[in-house]
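# Working through the structure, step by step
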Amino acid sequence: MAATIRRIGLTSAWLLVSLISLLPILGIVVGLWPSELVNIADIKPFLAYQGLSVSVFMTLFSAIFSTLISLYIAFMVYSQYHLSRRLQSFEKYLAPLLSLPHLAIALGLVFLFSDGSLFFADSGLPRKGLSTLIIAIVIKEVPFFLLIFSAIGRQLPIKYWLLQGKALGYQDYRCWWFLVFPPLLKQSRLALLAATAYTLSVVDISLLVGPNIPELFAVSVYRWQSSFAAGDQGLAFWSNALLLILLAMSVFILYAHEKFAFAGCKALATQGSRFLIGKINPMFKAWLPMLGLLTAMMVLVFALWSFGLNWHGNWHSDGFALTQLTPKLWQDEWLFFALPLQNSLLIGLLAGLLGVACALLALELQCQKGKYWPDYYWLLAIILPQLSMVLGWQIMHIWYQGGYHSGWIVLSHLPFTFAYAYLVLKGPFQNVEPGYELLAASFGYSAWQSWWQVRFRLLLPAIFTAFAIAFSVSIAQYIPTLMMGAGRVTTITTEAVAIGTGSQQDLIALYVLLQSILPFMAFFVAALLARRFRGSMGGQDVRDY
Amino acid sequence: MTFRLFKSLNSGFVLCFLLLFVVKVNADEELKPVAIVEENSDQWQQTLKAAQGQSVYFYAWGGSKAVNDYLRWATRELAKQYRIKLIHVKVTDPSEPVSRLKAENGRTSAIDLMWVNGENFAYLKQQGFLLGDLWTAIPNAAFLAVDKLPITVDFGEPMHGFEVPWGIGQFNLIAEEAVYPQPQLSAKSLLVIAKKHPKTVTYPRPPEFHGTTFLKQLLVNLSDADPRLYQLASQQAKNELLPVLWQYLDKLHPYLWQQGQAFPSSAAEQLLLYQQQNLSMAVSFNPNQWLKEKSTKQISKSSVRRSFIDGAITNSHNLAIPKSAPSPEAAKVVINFMLSEKAQQEKFTGVWGDPSVINSLFDDKATMPAHPELHSSWHVLIEETWQQRYGG
């Protein structure tokens, strides 16, 4: 009897997990299913599109380059902070920046620092250009990677490794690069994939700060997909196909980079050659304060805008005529943003919790089976082109005629929250020190008791991080919310994104701030809570052995 | 020939001339006078009754505070007067409802009413996704200023009752007075300004709609409003008219913002750059936007409106109901309300400033001297050649 129940339980668990992970594939197949409008001859005008090759190259380059640069910066920052007791819980300092939407970072960056901006007439940073795009992405990705490293690091015996390395006579930075970097890189592979896929297909930032002669590929794809002029739907189909190829290519490049980095570390370690990059590690101590300052400046700018501050001088005059600061806009909009904020909160909580639960389930099932499926399979929701995928869901939702309510929206967010929770949790989950569970079993704990009281407890810090990320991912969803909810359910993001396409600075700033509030609270609380629980290798008490 | 006259006419007469043009278009289509349902008819009373208590999901661009605020006002009025709940579904791109209707493919729609024009309208009409006979089913359609404004044809596609004009777009520049002292612009004077104030002039990257219209205005000016621009583009016309535009752009681009190596992605982005004093001009389709933006202190006090000497390219933005809309009666009542004197008045004098499309409120001062839209084949041609020459 018990065995039957167990089997039924296991089967349904597998079914649930495979359903969620299959949703993206289902979506992309239905969404990209060629309609009568598409035929093979359309590939000709697509390939002949002026600037296509440069556009594709720029897009691929910016995606890979910004991800890898972010990875290395984040690692160097992490190596500076990991062992400092005071900064142990540096995650909470990341909360403000993590919670600002990508677009807001880009907007703040160009407003403050680009050519003809507030502080610089000629800073060398163009208002629109590849460098600006990459910088904006890097500013946002580094904290994300730091968060991931921190979740992974709690389960890795970094301290022992460093101790061993030092005992063998290696300097500190060499220990970090040769001993800590390779396993950390392997564990954060999923995060790298996610970051690359994001940059490859992001439209809003590309439109705002990306180069547009030629425009980035994701922008072209979006433009064709949303145009119904003759021939454009055919172009949209082929460009989506190419986008899929680019995504596959970037997966390949990241795997190759990993192999190369391993080999490089090994060669450098055994040759004992001079390794200069390590010497600049200490510079990255300044990263967090700089980041803090930058975030504070951006938040201040947005706050001032939302209170009606304008920089109107006469044409090219230096004197800023400060218009009066007034809370009028906040008062006016209050009536209209309370409900979307509440909807966002509820949807985010539900989608976030379910996403984390399903990710844990998927990991546990694979762990029991003793075999892990390829990473990219679980991350399909993040990797596949979102617009086509969600279009597929929309078509299926319309077939089903199930009405429009928040339940559907939660379901449409679930693949994303699941994928992000999975990418945060996988490393920590695999690295839970098996000794503890063995010990629990020897004390007579049942498998379930041992899972819940040992493994789950050890994973708690990572789970908090995973939830905070999943929650903020749900908050940030625009396309699924609009396409599945059909405007019946407004969230703070559906409002903010629509406002963002306009030109009213004060309103844009107000909604940027509103959109950041909920993720900020999630990251902040998660960082505080994570401190109170130790992973198998982290926490305060193992510091000073 | 007639269009050569066009340019020499003084701006006051241009509108009258346009009137002739519109009448001519109407005559071409043999628009027969049809009986429009009246406010107090049984049919309309039934519609009103059926509409009570219904919700209308209105898909409309949500990026403009002025429009959003206007729709909030309309929502209150509709609830009070007709017990209809208007819900503004804020979309980022007018193609979102089109893509949804395509996915729904005739099943009961989530959309009751949509804000549409141009190629999206043409596509929906061809696909048969729109409810027809709106002009005859809606009482206030009788008062549309069809004789005074080009509002029966939407970018070469006759409306044929599948959409109803709601407001008017006229291409203009919002500009710094000190840089643009002349009330009207020509291609030549713009080049002089761009040379004198380098890096302060630009336009949204075509195929963005404002950007393409900017190029059309230049083409009209450079070709002295050649009559062939208003007909299907022939190979010969193309070869004769377009090179002038490209030669001009070759001269202009080095003086543009970012040396023409990048362009704003949208008119909204360009206006933001203008607000932040990076540019000396922005583009707009609302002839009164400059006043409204000034009154809300969004742009500097020294901002003025400038238009091209040939008149502003003029078109309409419209309302349409999907064939499969769940509450078509209520949607019709909403359109009828939107065309009422009260709503059109508020649209013009309130925060938005969009000119009225009905006879009783028609006012020369609300609009600028108008210039007709080019034939839609030129639109495609300009976009494609621009992409070939400058886009890669």
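The shown structure was predicted, so the numbers you read here are calculated from the model rather than taken from an experiment.

For the rest of this paragraph, the subject is the overall build of chain B. For chain B, the helix and strand inventory stands at 15 helices and 12 strands. For 392 residues, the compact-globule estimate of 2.2 N^0.38 gives 21 Å, and the C-alpha radius of gyration of chain B, at 21 Å, lies within 12% of that figure. Each of the three principal axes of chain B carries a C-alpha extent, and together these read 65 × 45 × 40 Å. Counted over contacts in chain B with a minimum sequence separation of 6, partners at least 24 positions apart contribute 79%.

Take the nonpolar core next. Counting 232 residues, the largest nonpolar core has Ala359(A), Leu379(A), Ala466(A) and Val334(B) as the members making the most contacts within it. No other element matches the 16 residues that helix 6 (residues 130-153) of chain A contributes to this core. Residues within four places of Ala466(A) in sequence aside, it is in contact with Val356(A), Ala359(A), Ala421(A), Val424(A) and Leu425(A).

If you look at the interface, chain B gives 49 residues, while chain A gives 46 residues. Breaking the side of chain B that touches chain A down by element, the ones donating at least two residues are strand 2 (85-91), helix 5 (95-104), helix 6 (118-127), helix 11 (267-275) and helix 15 (376-391) of chain B. Here the side of chain B that touches chain A gets six residues from one element, more than from any other, and that element is helix 5 of chain B.

Residue and element names in this part refer to chain B. Sheet architecture is open: four strands sit in the order 8-10-7-9, paired in mixed fashion. The open sheet is flanked by strand 8 (184-185) and strand 9 (281-284), the only strands paired with a single partner. Relative to strand 9, strand 7 (residues 172-176) is paired through four bridges, and the arrangement is antiparallel. The residue bridging Leu 173 from the neighbouring strand is Val 283, located in strand 9.

A word on the pairing of strand 3 (residues 113-116) of chain B. All names here are of chain B. Alternating positions in strand 3 separate into two faces, Leu 113 and Trp 115 on one and Met 114 and Val 116 on the other, with burial throughout. Bridging between strand 1 (residues 55-61) and strand 3 involves two bridges; their strand directions are parallel. Paired with Phe 58 across the two strands is Leu 113, which belongs to strand 3. Summarising the sheet, strand 3 and strand 11 (residues 312-320) pair through three bridges and their orientation is antiparallel. Across the sheet, the residue bridging to Trp 115 is Leu 319, located in strand 11.

Residues and elements named next belong to chain A. Between helix 11 (residues 217-225) and helix 12 (residues 232-271), the least distance of the axes is 8 Å, while the angle of their chain directions is 145°. Between helix 11 and helix 12 the crossing geometry is left-handed. When helix 11 is examined against helix 12, the residues Ser 220, Val 221, Trp 224 and Gln 225 are found in contact with a partner set consisting of Asp 232, Leu 235, Ala 236, Ser 239, Asn 240 and Leu 243. Per-class residue counts for the contact of helix 11 with helix 12 are five nonpolar, four polar and one charged.

Okay, the confidence of the model for chain A next. In low-pLDDT regions, the fine details of the predicted coordinates are not to be read closely. Residue and element names in this part refer to chain A. Averaged over all residues, the pLDDT of chain A is 85; the fraction at 70 or higher stands at 91%. Note on residues 313-319: pLDDT is under 50 here. Beyond four places in sequence and across chains, it has 12 contacts. For the stretch residues 538-545, pLDDT sits under 50, and the model shows nine contacts to residues farther than four places along the chain or on other chains.

All right, on to the pairing of strand 11 of chain B then. All names here are of chain B. Of all nine residues in strand 11, nine are buried; the element is thus mostly enclosed. Inspection of the sheet shows strand 6 (residues 164-170) paired to strand 11 by six bridges, in the antiparallel sense. Across the sheet, residue Ile 168 finds its bridge partner in strand 11, namely Ser 316. Relative to strand 12 (residues 370-371), strand 11 is paired through two bridges, and the arrangement is parallel. In the sheet register, Ile 313 faces strand 12, and the bridge partner there is His 371.

Turning our attention to the domain arrangement of chain B. All names here are of chain B. Here chain B is described as being made up of domain 1 (30-168 + 316-371) and domain 2 (170-313 + 373-391). The straight-line distance from the C-alpha centre of domain 1 to that of domain 2 is 29 Å. In this assembly, 15 residues from domain 1 lie in contact with 18 residues from domain 2.

Take the confidence of the model for chain B next. All names here are of chain B. In the predicted model, chain B carries a mean pLDDT of 88, and the fraction of residues at 70 or more is 91%. When mean pLDDT is compared element by element in chain B, helix 13 (residues 328-338) scores highest at 97, while helix 1 (residues 2-8) scores lowest at 38. Between residues 1-32, whose pLDDT stays under 50, and residues either more than four places distant or in other chains, the model counts 35 contacts. The ipTM for the predicted assembly is 0.88, set against a pTM of 0.89.

With omega at -10°, the peptide bond leading from Ile213(A) into Pro214(A) counts as cis. Here the residue pair Pro206(B) and Pro207(B) is connected by a cis peptide bond, since its omega of 10° sits within 30 degrees of zero. Along the chain, Pro207(B) turns up in the loop between helix 8 (187-196) and helix 9 (209-222). With phi around 50°, Phe155(B) is a residue other than glycine that occupies positive phi space. With respect to the element layout, Phe155(B) can be found in the loop between strand 4 (153-154) and strand 5 (157-158).

Criteria and cut-off values
Residues numbered from 1 in each chain as written. Chains lettered and ligands numbered in written order. Predicted model: local features only at pLDDT ≥ 70, side-chain atom pairs only at ≥ 80, totals over all residues. Helix = DSSP H or I, 4+ residues; strand = E, 2+ residues; numbered from the N terminus. Rg over C-alpha atoms; globule rule 2.2 N^0.38 Å. Contact = placed C-beta atoms within 7 Å. Core = buried A, V, L, I, M, F, W, Y, C linked by C-beta atoms within 7 Å. Buried ≥ 20, exposed ≤ 12 C-beta atoms within 10 Å, placed from the backbone. Pairing = 2+ DSSP bridges. Axes fitted to C-alpha atoms, helices over the stretch in contact; angles between N-to-C directions. Left-handed = near helix turned anticlockwise from the far one by under 90°. Nonpolar A, V, L, I, M, F, W, Y, C, P; charged D, E, K, R; others polar. pLDDT = per-residue confidence, 0-100. Domains from an automatic or database assignment.

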